[in-house]
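# Per-entry structural report
So you can see what is in the structure, the chains are spelled out below.
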Amino acid sequence: MNYYLSKFERDKIFATMTPVQQAYLMDELKRGKRTTFANILARDKGDVITPKMTLEEVEASLGEWRLLDFIDAGPGYKQIKPPFKCQCGKVLRYQYVIEHQSTKEVRKFGIVHFEEHTGFPPRTIKEITQGFEKIDYELDESLTKYAQNWTLPLDLPDGFMLPDNIIKLIGLRLPLLDRQVAKLSVKIREYKLSLRSIRKSTSCLPKNKITKEKVTETSPRLKIDETFVMMIEPYLKSKIISAKDISLKMLADLGYNESMGKVHHDLYVNIIIYMDGLCAKGDYICLSKNNVNARYKKNKISI
Ligand SMILES: [Zn+2]
């Protein structure tokens, strides 16, 4: 599918998003461009970059120019005072800011004057601009899918834990990129295979030999992070908290259809862990807990 958007279409969709969604996409765009810039320069210099290295480590080893910022002044860029400008004085909507890491010299320019104001070889410029285009295209992909009310085209098996970056996107109600969907579907396939092999190996053992450790090993790794806390907070307004009801409501609010019902399991377990944590702190009391639901109530003493 082609996701290219005109500047007009891009601005139009972007304007319909919440400030949090916009900030997230802009941060991703900046970080993506910064990474491309650092990786290409490091490679040109002959530095060895390993997949384990962070962006900051690549930049530090480079010791030369780093992409300090990328600014989109927005459709009203001509009215901004003072305007964003190229080194040569041309008013810009999209401004690249680079900084020399040892001399701290800063240069600002638009993509058209990249070569003039950096003095990088044409081949390097070509690689960097192509890399930037790829990142811009991913923004178009996100925006197109967002405008089309995209939903995840994958069925998540019970107990499968989504990676943190995907939870973050889902929490923000932003679509996944095609490459993220592809990666996720590989992970799901691996997860299903591992489940199958665990089932196979445990089914050979007499029942009483299945040790506790075996069970823990197959349990999903659960993580209650900031995103999760941010996601659940709005659902804790009612008098009685039902973990089952909240998980179903969250699922529906995240825009998933029925085929996605299995995410429910992860959400449900995370909600119980989170609520049990609040009980341990004395903020809530657990009213009932069985194998279909857990119910909680705010602890009045703590208010
Ligand atoms: Zn210029």
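One can find the structure itself at the top, above this paragraph.
Residues numbered from 1 in each chain as written. Predicted model: local features only at pLDDT ≥ 70, side-chain atom pairs only at ≥ 80, totals over all residues.

### Some words on the pairing of strand β5 (residues 284–289)
- Where β5 meets strand β6 (residues 294–298), five bridges bridge the pair, whose relative direction is antiparallel. Of the residues in β6, the one forming a bridge with Ile285 is Lys297. (Pairing = 2+ DSSP bridges. Helix = DSSP H or I, 4+ residues; strand = E, 2+ residues; numbered from the N terminus.)

### Digging into the sheet that holds strand β1 (residues 65–72)
- Here three strands make up an open sheet; going across it, the order is β1-β2-β3 and the pairing antiparallel. Of all the strands in the sheet, just β1 and β3 (106–109) have a single pairing partner and so form its edges. Geometrically, the sheet is characterised by an average inter-axis angle of 20° between neighbouring strands, direction not taken into account. (Axes fitted to C-alpha atoms, helices over the stretch in contact; angles between N-to-C directions.)

### Quick look at the sheet that holds strand β4 (residues 240–242)
- Spatially, the three strands line up as an open sheet ordered β4-β6-β5, and their pairing is antiparallel. Of all the strands in the sheet, the pair left with one neighbour each is β4 and β5. Neighbour-to-neighbour, the strand axes of the sheet open up by a mean angle of 25°, direction not taken into account.
- Looking at chain direction, β4 and β6 are connected through three bridges and run antiparallel.

### Focus on the environment of Leu143
- For Leu143, the location among the structural elements is in helix α5 (residues 122–147).
- By C-beta crowding, Leu143 is classed as buried, having 23 other C-beta atoms within 10 Å.
- Separated by 129 residues in the primary sequence, Leu143 and Phe14 place their C-alpha atoms 6.9 Å from one another.
- With sequence-adjacent residues up to four places away left out, Leu143 is seen in contact with Leu5, Arg10, Ile13 and Phe14. (Buried ≥ 20, exposed ≤ 12 C-beta atoms within 10 Å, placed from the backbone. Contact = placed C-beta atoms within 7 Å.)

The values are spatial; any link to function lies outside them.
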